[in-house]
Number of protein chains: 2
Amino acid sequence: MTHFLLSSVPISGAFKFRGACNAVFSLNQEDASKGVVTHSSGNHAAALALAAKLRGIPSYIVVPKNAPTCKIENVKRYGGQIVWSEASVQSREEVANKVWQETGAIFIHPYNDGRILSGQGTISLEILEQAPQIDTLVVPISGGGLISGIALAAKSINPAIRIFAAEPKGADDAAQSKAAGRIIRLSETNTIADGLRAFLGDFTWPVVRDLVEDIITVEDSEIIKAMKLCFEILKVVVEPSGAIGLAAVLSDTFQKNPAWKDCNHIGIVVSGGNVDMAMLWDSFNKGK
Amino acid sequence: MTHFLLSSVPISGAFKFRGACNAVFSLNQEDASKGVVTHSSGNHAAALALAAKLRGIPSYIVVPKNAPTCKIENVKRYGGQIVWSEASVQSREEVANKVWQETGAIFIHPYNDGRILSGQGTISLEILEQAPQIDTLVVPISGGGLISGIALAAKSINPAIRIFAAEPKGADDAAQSKAAGRIIRLSETNTIADGLRAFLGDFTWPVVRDLVEDIITVEDSEIIKAMKLCFEILKVVVEPSGAIGLAAVLSDTFQKNPAWKDCNHIGIVVSGGNVDMAMLWDSFNKGK
């Protein structure tokens, strides 16, 4: 039996608010007064802007030029100051570094940060409180912040729980890293799941290596089908990066693997609803 | 403060399952064995088909030819036998009557039925259990089954609670009836809210007359804006008929009426997510 646990928060529209809020409110007053800075393809950006706004401090958000419009709108809605970068991870990091030098704002990495992990880990607490019978969790993977937090918290409650990652084939650095036994960074990525284009960090990699049983990779077409299912049956708006866990569970890779036959109670983390209507419509038509 | 209470059930995709389930499981074995029949523009149809399937009896669903595709698909999904009619209420009633004569199936009216009202009334129980501070409920109105059930149940818990109906301007028979003090049926209706084209029945009218404080009518453009807000901010897929309560609360009619200034804790019933993606896209573009 598969459980659909919707762990998204309407405010900011994704799980990222959990980590961002924990990070911002962990700062001492002196550090906080300088504000916070980050680079993000979108949901962490809006989440950090909102967390900073709630604490009454400035936030500087480095946003790649190819980020979805609705995610940029979210940053603006929450009062974040946008600083543009190129799409590459390198450019994002350089621009964020420059902002830090100029303002002294505290850098809050979107995932490679213990405070972020702890925040995301609260998802496990809620899942296992609501459905303690769950024996398997399937979680999207990008930089690894979400799944690391979830794995650490879930395993501390139930060491036998099985954790699987869901990753797009067009950005499968985690699957490659797992196979190679070391962090692999890709020279380029190509997937509809704009929130899953980041690479594992040195903080998240050991958790993924040791606590995540396997990485299930899926095609973009499978992600679109899962998005459509969420829309039509669950009546929930989910962005590609949020629907990938469902896509993974529905895939032959997962369904036909004899080693996973005894995954009886599967919790899927479905989070992130920041999808442009135009993009959704376009992808649904492609998915036909 | 406005509370968004999402009272939709993912199974069948609308509140209608509550009433349909109550009606089908209230039948004695002899009556049930002949099956059930109804006419409906959509959500009651799917709900009755599902309820009948769960009890293991046949269902005959009279569906107007202009019903949205996704609603027809839902009826088929749950094993309902579709019988086509013209779009008019008269044609629907005639065809349903014919099915009853041929099969002996018990007619379950989509709203003019005490068993249906009782089922829909369970929404009030849930709302007031989750948020007892609510002093105002805003509920879509069509045939009046939903709002009658909700009003009767809510007033039995809190006699001071205020009940408002939300109705499309292009199908404002309830507003006209309320003004005239008797049931008014329109010769035609014109609204995007396909679930709100029915007219009050003799069973629901007295409840609407006596327990509903006022009918707030809104334009289709306001409904579309509310749908968009649900989609973009709440991340919930809502059909026009489901979003109308939110549209009513956001309207100047409601916001600027001094008599309603003391509605402090407003519960909006948002139910019905059976919207074709193509229709949603189309209406969002129109709403720009």
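Coordinates for the structure precede this section.
A few points on the structure. Here the residue numbers are simple positions, counted from 1 along each chain's written sequence. Following the order in which they are written, the chains are lettered starting with A and the ligands numbered starting with 1. Under the rules for a predicted model, residues below a pLDDT of 70 receive no local features and side-chain atom pairs below 80 are neither given nor counted, while totals for whole chains, interfaces and linings still include all residues. Hydrogens are left out, water is left out, and the side-chain values use all remaining heavy atoms of the structure.

Moving on: the pairing of strand 2 (residues 36-39) of chain A. Residues and elements named next belong to chain A. Summary of the burial criterion: residues with accessible area below 20% of their type's maximum are buried, those above 50% are exposed, and those between are partly exposed, where the area comes from a 1.4 Å probe applied to protein chains only. Helix numbering and strand numbering both begin at the N terminus, where a helix is a DSSP run of H or I of at least 4 residues and a strand a DSSP run of E of at least 2. Burial of the side chains of strand 2 extends over both faces: Val36 and Thr38 are buried on one face and Val37 and His39 on the other. Strands qualify as paired when DSSP identifies two bridges or more between them. Where strand 2 lies against strand 3 (residues 59-64), four bridges are found, and the strand directions are parallel. By the bridge assignment for strand 3, threonine 38 is matched with isoleucine 61. As defined by bridge partners, strand 2 adjoins strand 5 (residues 106-107) across two bridges and the pair is classed as parallel. Across the sheet, residue valine 37 finds its bridge partner in strand 5, namely phenylalanine 107.

With that settled, the discussion passes to the interface of chain B and chain A. What makes two residues a contact is simply this: any of their non-hydrogen atoms within 4.5 Å. Counting from both sides, the interface comprises 16 residues of chain B and, opposite them, 16 residues of chain A. For the pairing of chain B and chain A, the buried interface totals around 1600 Å² over both sides, and the portion due to carbon and sulfur atoms is 73%. Buried area: the sum, over both parts, of the accessible surface (1.4 Å probe) that disappears when the two are put together. The three residues of chain B that bury the most area against chain A are B:Lys235, B:Met277 and B:Trp281, which together make up 43% of that side's buried surface. For this analysis, a salt bridge means a side-chain nitrogen from Lys or Arg found within 4 Å of a carboxyl oxygen belonging to Asp or Glu. Our count for the contact surface shared by chain B and chain A stands at zero salt bridges. In the analysis that follows, any N or O atom pair within 3.5 Å is treated as a polar contact, provided that within protein one partner can donate a hydrogen and the other can accept it, and provided that, for residues neighboring in sequence, both atoms belong to side chains. Connecting chain B to chain A are six residue pairs in polar contact (both at pLDDT 80 or more). Only helix 10 (220-234) and helix 13 (277-286) of chain B provide two or more residues apiece to the side of chain B that touches chain A. Sort the elements by how many residues they give to the side of chain B that touches chain A and helix 13 of chain B lands first, with five residues. Three categories are distinguished: nonpolar for Ala, Val, Leu, Ile, Met, Phe, Trp, Tyr, Cys and Pro, charged for Asp, Glu, Lys and Arg, and polar for the others, with Gly belonging to the last. In the side of chain B that touches chain A, the residues fall into eleven nonpolar, three polar and two charged.

All right, on to the relation of the copies chain B and chain A then. The atoms used to superpose the copies are C-alpha atoms, taken from residues with pLDDT of at least 70 in both, and the fit is least squares. Aligned on chain A, chain B shows an RMSD of 0.0 Å; the corresponding rotation is 180 degrees and the shift along the axis is 0.0 Å. Taken together, the rotation angle and the small translation identify this as a two-fold axis. It is B:Val236 whose C-alpha, among those of chain B, lies nearest the rotation axis, at 2.3 Å. Residue by residue, 100% of the interface of chain B is reproduced at the interface of chain A, so both copies engage with the same surface.

Residues and elements named next belong to chain A. Most of strand 6 (residues 136-140) is tucked away: five of the five residues are buried. Going residue by residue along strand 6, you find Thr136, Val138 and Pro140 tucked away on one face and Leu137 and Val139 tucked away on the opposite face as well. The sheet contact formed by strand 6 and strand 7 (residues 162-168) spans five bridges and is parallel. Following the sheet pairing, proline 140 is matched in strand 7 by alanine 166. Clockwise travel from the first strand over the helix to the second, with the strands pointing away from the viewer, marks a crossover as right-handed. With helix 7 (residues 145-157) bridging strand 6 and the parallel strand 7, this β-α-β connection has right-handed handedness. In this sheet, strand 9 (residues 266-270) lies alongside strand 6 in parallel orientation, the contact comprising three bridges. Residue pairing across strands places leucine 137 opposite glycine 267, the latter belonging to strand 9.

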